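Breakdown of the fold
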Amino acid sequence: MSSPTEASHFTLCPLKLMGIGWCPGCGLGHSIIYLFHGDISNSFRAHWLGIPAVAVIFNRIYVLTKARLMERSQFKSLT
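Criteria and thresholds
- Throughout, residues of each chain are indexed from 1 in the direction in which the sequence is written.
- With the structure being a predicted model, the display of local features is reserved for residues of pLDDT at least 70 and the display and counting of side-chain atom pairs for 80 or more, all residues being used for whole-chain, interface and lining totals.
- Values reported for side chains reflect all heavy atoms of the structure, with hydrogen atoms and water molecules removed beforehand.
- The helix and strand labels rest on DSSP assignments: H or I over at least four residues marks a helix, E over at least two residues marks a strand, and numbering proceeds from the N terminus.
- Exposed residues in this analysis have more than 50% of their type's maximum accessible area, buried residues have under 20%, and partly exposed residues fall in between, with area computed by a 1.4 Å probe over protein chains only.
- What sets the accessible areas is the Shrake-Rupley method with a 1.4 Å probe; for residues, cover comes only from the shown protein chains.
- Pairing of aromatic rings covers Phe, Tyr and the six-membered ring of Trp, with a centre-to-centre limit of 6.5 Å; geometry is then stacked below 30 degrees between planes, edge-to-face above 60, and tilted otherwise.
- Each residue after the first adds 1.5 Å to the expected span of a helix.
- Within this analysis, patches are made of residues with over 30% relative accessible area and no salt bridge. Like charges are joined at 9 Å or less; nonpolar side chains (Val, Leu, Ile, Met, Phe, Trp, Tyr) at 5 Å or less.
- Here, a salt bridge means any side-chain nitrogen of Lys or Arg that lies within 4 Å of a carboxyl oxygen of Asp or Glu.

**Here's the deal with the overall build of the protein chain**
The secondary structure content of the protein chain amounts to four helices and zero strands. Taken from N to C terminus, the helices and strands of the protein chain fall in the order α-α-α-α. Across the 79 residues in the protein chain, those meeting the buried criterion constitute 18%. Accessible surface, the protein chain: about 6400 Å² in total, of which carbon and sulfur atoms supply 67%.

In structure tokens form, the structure reads like this:
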């Protein structure tokens with residue numbers, strides 16, 4: 001398994017393209033990857049907002065899925 005901090009050959013990050021080593025967005029992405037791999041301490045070290053970001057993302061997925069299912073059930077009852 002590769003580490004999210006390993007150097008990659010391609011990036012879309014404008015800060016890394018300018019030669020700046022630290023980027024808050026990349027740190028957030030690394031934090032989420034560490035969290036999905038179960039490495040909570042490295043996740044927190046990469047970016048402290050990674051864990052709350054995952055909670056917000058999962059909440060949004062739940063809300064949108066629930067709304068879509070309610071919409072479908074209402075549509076079926078009309079037909």
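**Concerning the packing of aromatic side chains**
All chains considered together, the criterion is met by one aromatic pair. Relative to Phe58, the ring of Phe36 lies with its centre 6.3 Å away and its plane at 40°, an arrangement referred to as tilted. Remark: Phe58 occurs in helix H4 (residues 50–78) and Phe36 occurs in helix H2 (residues 24–36); sequence separation between them is 22 residues. Looking at Phe58, the relative accessible area reads 49%, which means it is partly exposed.

**Here we look at H2**
Taking 1.5 Å per residue as the helical rise, H2 with its 13 residues ought to reach 18 Å, and the 18 Å between its terminal C-alpha atoms agrees with that figure. Within the sequence span of H2, burial applies to Cys26, Gly27, His30, Ser31, Ile32 and Tyr34. Phi turns positive, to about 85°, at Gly38, one or two residues after H2.

**Some details on a nonpolar patch on the surface**
Together, Ile40, Phe44, Trp48, Leu49 and Ile51 line one region of the surface with nonpolar side chains, adding up to about 530 Å² of accessible area. Counting through the fold element by element, Ile51 comes out in helix H4.

**Digging into the environment of Cys13**
Considering the arrangement of structural elements, one finds Cys13 in the segment before helix H1 (14–17). In this structure the C-alpha to C-alpha distance between Cys13 and Cys26, which are 13 residues apart in sequence, comes to 7.6 Å.

Keep in mind these numbers describe shape, not what the thing actually does.
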